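# Topology and contacts: notes
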Amino acid sequence: MTDIDLSAQETELSHATLPRGAQWLVAIAAAALGGLSLVLGAGIVGAVAVGGLAFVLGYPLWALLVENRRSATDKLVTGLVWTAFGVAVIPLIWLIYMVVARGTAAISPEFLTYSMRSVTGDEQGGLYHALMGTLIVTGIAALISIPIGIMTAIYLIEYGKGSRLAKAITFLVDVMTGIPSIVAGLFAFALFTLVVGPGTRFGFGGGVALSLLMIPTVVRSTEEMLKLVPDDLREAAYALGVPKWRTITKMVLPTAVGGIVTGVVLSISRVIGETAPLLVASGFNPNMNTNALEDSPMMTVPVFIYTQLSEATAKGVEYAWGGALVLFVLVMALNLIARIVGTIFAPKTGR
């Protein structure tokens, strides 16, 4: 091969590249363009949109002019992915900021330890009764839903795979997934109206209503986790003569426990903020009520937020934001507990 051929090959394999820090230069130019649009009266949202669009399109265009088409496509797709990430995260961050900023003003020892019994006007009250009600009602729903959901998933994966009953159960679970929450509340209210009497609203009814919403999530999440357990583990246990029930309890479930716990916590987080079914099935009560079986309404935090907003007063709005912050902290604590439990009980792997 001659020197001319070598130089021609090197020319084909090499090309110009963007200068180091090119993305920051484009970002500065896009920010300047967004600032200009803000000065011209586009508004904050419009300025952010103009700046983001300028960066997403400007950076790949520069790469197309200097480098090549593949590099430009890579930078365009990367920019779109980060843009989608920002669109999803920014509202979440803004929501967290609003809940924390506006809810902190209502948080006090009295707010967390007092009920709204005999509270009128600007007198001090709190959501202690609603907090206890939420824990009791959600606990009842969890006690009903978790065993039923996990055992249903075990049957679908381990015993009834391909059977008519399993197909029917899967269909019913899919139908229950799409049930509106208010329908679950109406079902619980109608059920206990027939069993106990007209107009019955109590804590256990709210737990039953929430369990109807929890069970499909528990079944689906547990089912997917059991599918991820390798069949080699089951076959190895069967080859050693281990009974099927013992294989499930000693090998399959411990292997999938991390995902199962996460799915259970997601189902609890899904229902702990429900308002409509609790308003229908449990009602609202300004007094403390810790007996879920007593024929008396039981207050919960979502219903507390709703009733406080319904008053349309400055104190009601402040208390509603305080209740929202307490509910947010509850959900975050549940997720943290799920992470810890999943880490502790996850199968240990060594190298």
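Residues numbered from 1 in each chain as written. Predicted model: local features only at pLDDT ≥ 70, side-chain atom pairs only at ≥ 80, totals over all residues. Heavy atoms only, no water.

Next up on the list: the overall build of the protein. Each helix and strand in the protein was counted, giving 14 helices and zero strands. The C-alpha atoms of the protein give 28 Å as radius of gyration, which overshoots the globular expectation for 351 residues (20 Å, by more than 25%). Seen through its C-alpha atoms, the protein measures out along the principal axes to roughly 95 × 70 × 35 Å. For the protein, buried positions account for 36% of its 351 residues. (Helix = DSSP H or I, 4+ residues; strand = E, 2+ residues; numbered from the N terminus. Rg over C-alpha atoms; globule rule 2.2 N^0.38 Å. Buried < 20%, exposed > 50% of the residue type's maximum accessible area, 1.4 Å probe, protein only.)

The next subject is the nonpolar core. Counting 42 residues, the largest nonpolar core has Leu-127, Leu-226 and Phe-304 as its most contacted members. Mapped by element, the contributors of at least two residues to this core are α6 (128-159), α9 (203-228), α11 (244-272), α13 (301-310) and α14 (314-345). It is α6 that provides the largest number of residues to this core, a total of ten residues. Other than its neighbours up to four places away in sequence, Leu-127 contacts Phe-111, Leu-112, Tyr-114, Phe-304, Gly-323 and Val-326. (Core = buried A, V, L, I, M, F, W, Y, C linked by side-chain atoms within 4.5 Å. Contact = heavy atoms within 4.5 Å.)

Next up on the list: the UniProt feature "domain: ABC transmembrane type-1" (unreviewed entry) in the protein. Under the present numbering, the feature "domain: ABC transmembrane type-1" (unreviewed entry) in UniProt falls on residues 131-338. This span, residues 131-338, is 78% helix and 0% strand, and a straight line between its end C-alpha atoms measures 20 Å. (UniProt positions renumbered as here; feature names shortened; annotations may be inferred.)

Below, the discussion takes up a nonpolar patch on the surface. A cluster of nonpolar side chains, Phe-187, Leu-191, Leu-194, Val-195 and Val-196, forms an exposed patch at the surface whose accessible area comes to about 520 Å². Mapped onto the elements of the fold, Val-195 is located in helix α8 (residues 181-195). Overall, the relative accessible area of 60% leaves Val-195 in the exposed class. (Patch = residues over 30% accessible without salt bridge, like charges linked within 9 Å, V, L, I, M, F, W, Y side chains within 5 Å. Areas by Shrake-Rupley, 256 points an atom, 1.4 Å probe, with all protein chains shown as cover. Salt bridge = Lys/Arg side-chain N within 4 Å of Asp/Glu carboxyl O.)

Applying the stated criterion to the full structure yields six salt bridges. Notably, a salt bridge pairs Glu-158 with Arg-234, separated by 2.8 Å at the nearest N-O pair. Here Glu-158 is found in helix α6, whereas its partner Arg-234 is found in helix α10 (residues 231-239), with 76 residues between them in sequence. Here the two residues Glu-158 and Arg-234 agree in accessibility, since each one is buried. For the salt bridge of Asp-174 with Arg-220, the shortest nitrogen-to-oxygen distance reads 2.4 Å. Of this pair, Asp-174 sits in helix α7 (residues 164-177) while Arg-220 sits in helix α9, and the two are 46 residues apart along the sequence. For Asp-174, a relative accessible area of 39% corresponds to the partly exposed category. Overall, Arg-220 belongs to the partly exposed group, its relative accessible area being 25%.

Here we come to the side chain of Ser-267. With respect to the secondary-structure elements, Ser-267 resides in helix α11. Classification of Ser-267 by relative accessible area gives buried; the value is 0%. With near-sequence residues (within four places) excluded, Ser-267 lies in contact with Met-214, Thr-217 and Val-218.

Take the UniProt feature "transmembrane region" (unreviewed entry) in the protein next. Here the UniProt-annotated "transmembrane region" (unreviewed entry) positions come out as residues 21-40, 46-65, 77-100, 127-157, 169-196, 202-219, 251-272 and 319-341. Taken end to end, residues 251-272 has its terminal C-alpha atoms 32 Å apart, with 100% of it in helix and 0% in strand. Note that residues 319-341 is 100% helix and 0% strand, and that its end C-alpha atoms are spaced 33 Å apart.

Another point: the packing of α7 against α9. One can describe the packing of α7 onto α9 by two numbers: an axis separation of 9 Å at closest approach and a directional angle of 125 degrees. As summarised for this structure, α7 and α9 are arranged oblique, according to the angle between their axes. Our pair here, α7 against α9, has a crossing hand that is left-handed. In this structure, α7 contributes Thr-170, Val-173, Asp-174, Met-176 and Thr-177 to the contact, and α9 contributes Leu-212, Ile-215, Pro-216, Val-219 and Arg-220. Partitioned by chemical class, the residues of the contact of α7 with α9 number six nonpolar, two polar and two charged. (Axes fitted to C-alpha atoms, helices over the stretch in contact; angles between N-to-C directions. Parallel < 35°, antiparallel > 145°, perpendicular 65-115°, else oblique. Left-handed = near helix turned anticlockwise from the far one by under 90°. Nonpolar A, V, L, I, M, F, W, Y, C, P; charged D, E, K, R; others polar.)

Considering all chains together, one arrives at eight aromatic pairs under this definition. Ring geometry for Trp-94 against Tyr-97: centres 5.7 Å apart, planes inclined by 35 degrees, an arrangement best described as tilted. Linking Trp-94 with Tyr-97, this pair stays in helix α4 (residues 69-103), spanning three residues, or about one helical turn. Note on Trp-94: relative accessible area 55%, which makes it exposed. Three or more aromatic residues joined by ring pairs form one cluster here, namely Phe-111, Phe-304 and Tyr-319. The ring centre of Tyr-159 lies 4.8 Å from the NZ or CZ of Lys-244, which sits over that ring. (Phe/Tyr/Trp six-rings, centres within 6.5 Å; stacked < 30°, edge-to-face > 60°. Lys NZ or Arg CZ within 6 Å of the ring centre and 35° of its normal.)

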